[in-house]
Amino acid sequence: MAYSVEPVGYVRSCFKEKFAIPRQPQLAPAARGVLELVSPFDQGEAVAGLEQVSHVWLLFLFHQALEEKPRLKVRPPRLGGNTSMGVFATRATHRPNGIGQSVVKLEGVEAGRLLLSGIDLLDGTPVIDIKPYVPYADSVAGAVNHMASAPPAPITVQWSDSALQQAHAHALRLAEPLVELIEQCLAQDPRPAYQVPPVERVYGVGFWDVQVRWHYPQLDTIRVLEVVREA
Ligand code: SAM
């Protein structure tokens, strides 16, 4: 029997590409976005009561990682990208039915729009359901996951003077916590674990409408070089 799902809305996110998105929600509290609901869920009735809730579960489609042939094993970046695990033991994006789930903070509820923070979702992500987080049921005392027992250790993020000034100026223009967003995302060390970057190699990513460029003066340190408006 075939089932089909229709999105209830789409996320407008600070993240314009997959690179440098944190691997789970809550790792970058400054990562903000708006879930724009589509008809008929864009009416106030559909979200009535949500203002009593601090966090929601979003069920969504990994729309930029959908594959015809399901994988049984995946190589999670968290394990360095060279250890293979059963797909159901991981939160990999390449998975049967391409469904992701994230607990995100609800910053505001409006008819047709949910304001979110702490997201790990790409711009344009289709959301297929929204459920309130229920602390007594969704937080399990004593739960263990020996593969991911703690958040990844953050690395040091330094700024060049000019990049910090640029970031502050764009933060004001965008009315977004851009400096914090950059620091929180880069502290997750977005580079693939197997890459040993030479000092001269420059990495870049788009957040909102700006490009952030950085390099690694040492393996455990990122230095932000510039934050410029995308051409
Ligand atoms: N919290 C979710 C979960 O556990 O199902 C997502 C975990 S997954 C490891 C997180 C990664 O998904 C992010 O780092 C980002 O690169 C990727 N991602 C986010 N939205 C996506 C989308 N719409 N399509 C494809 N990949 C996406």
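Before any of the text, the structure's been laid out above.
Residues numbered from 1 in each chain as written. Predicted model: local features only at pLDDT ≥ 70, side-chain atom pairs only at ≥ 80, totals over all residues. Heavy atoms only, no water.

Draft legend 1. Quick look at the sheet that holds strand β3 (residues 55-61). Spatially, the six strands close up into a barrel ordered β1-β2-β7-β6-β3-β8, and their pairing is antiparallel. Neighbouring strand axes in the sheet, compared pairwise and without regard to direction, differ in orientation by 45° on average. Across five bridges, strand β2 (residues 32-37) lies against strand β7 (residues 113-117) in antiparallel orientation. Following the sheet pairing, Gly33 is matched in β7 by Leu116. (Pairing = 2+ DSSP bridges. Helix = DSSP H or I, 4+ residues; strand = E, 2+ residues; numbered from the N terminus. Axes fitted to C-alpha atoms, helices over the stretch in contact; angles between N-to-C directions.)

Draft legend 2. View of the site of the ligand. Around the ligand, a shell composed of 21 residues is seen, among which Gln24, His63, Arg91, Asp120 and Thr125 lie nearest. Between the ligand and Gln64 there is a distance of 3.1 Å, counted from a nitrogen atom to a backbone nitrogen or oxygen. A distance of 2.9 Å separates a nitrogen atom of the ligand from a polar atom in the side chain of Ser102. Protein coverage of the free-state accessible area of the ligand, which is 590 Å², stands at 92%. Secondary structure elements with two or more residues in the shell around the ligand: β3 and β6 (99-110). For the shell around the ligand, the element with the highest residue contribution is β6, accounting for three residues. Its residues assigned to classes, the shell around the ligand comprises nine nonpolar, eight polar and four charged. (Near = heavy atom within 4 Å. Polar contact = N/O pair within 3.5 Å; in protein donor to acceptor, adjacent residues only side chain to side chain. Areas by Shrake-Rupley, 256 points an atom, 1.4 Å probe, with all protein chains shown as cover. Nonpolar A, V, L, I, M, F, W, Y, C, P; charged D, E, K, R; others polar.)

Draft legend 3. Structural context of the environment of Val38. Assignment of secondary structure puts Val38 in the loop between β2 and β3. For Val38, a relative accessible area of 27% translates into the label partly exposed. For the pair Val38 and Tyr10, spaced 28 residues apart in sequence, the C-alpha separation works out to 7.9 Å. Those residues within four positions of Val38 in sequence are excluded, and the remaining contacts are Pro7, Val8, Gly9 and Tyr10. (Buried < 20%, exposed > 50% of the residue type's maximum accessible area, 1.4 Å probe, protein only. Contact = heavy atoms within 4.5 Å.)

Draft legend 4. Representation of the pattern of salt bridges in the model. With the rule as written, the count across this model stands at ten salt bridges. With a closest N to O distance of 2.6 Å, Arg32 and Glu176 form a salt bridge. Of this pair, Arg32 sits in strand β2 while Glu176 sits in the loop between α2 (161-174) and α3 (178-186), and the two are 144 residues apart along the sequence. Since its relative accessible area comes to 29%, Arg32 is described here as partly exposed. Where Glu226 meets Arg213, a salt bridge forms, and the shortest distance between an N and an O atom there is 2.6 Å. Taken together, the residues Glu226 in strand β12 (residues 221-229) and Arg213 in strand β11 (residues 210-218) connect sequence positions 13 residues apart. Here Glu226 falls in the partly exposed class, since its relative accessible area comes to 28%. A single network of salt bridges, built from pairs that share partners, joins Arg173, Asp209 and Arg229. (Salt bridge = Lys/Arg side-chain N within 4 Å of Asp/Glu carboxyl O.)

Draft legend 5. Inspection of unusual backbone geometry at higher detail. The step from Ser39 to Pro40 runs through a cis peptide bond, and the omega angle for that step is 5°. Within the fold, Pro40 resides in the loop between β2 and β3. Not every positive phi belongs to a glycine, and Ala175 is a case in point at roughly 55°. Here Ala175 lies in the loop between α2 and α3. Using a relative accessible area of 59% as the deciding quantity, one classes Ala175 as exposed.

Everything listed here is a matter of coordinates, which is why it stays silent on function.
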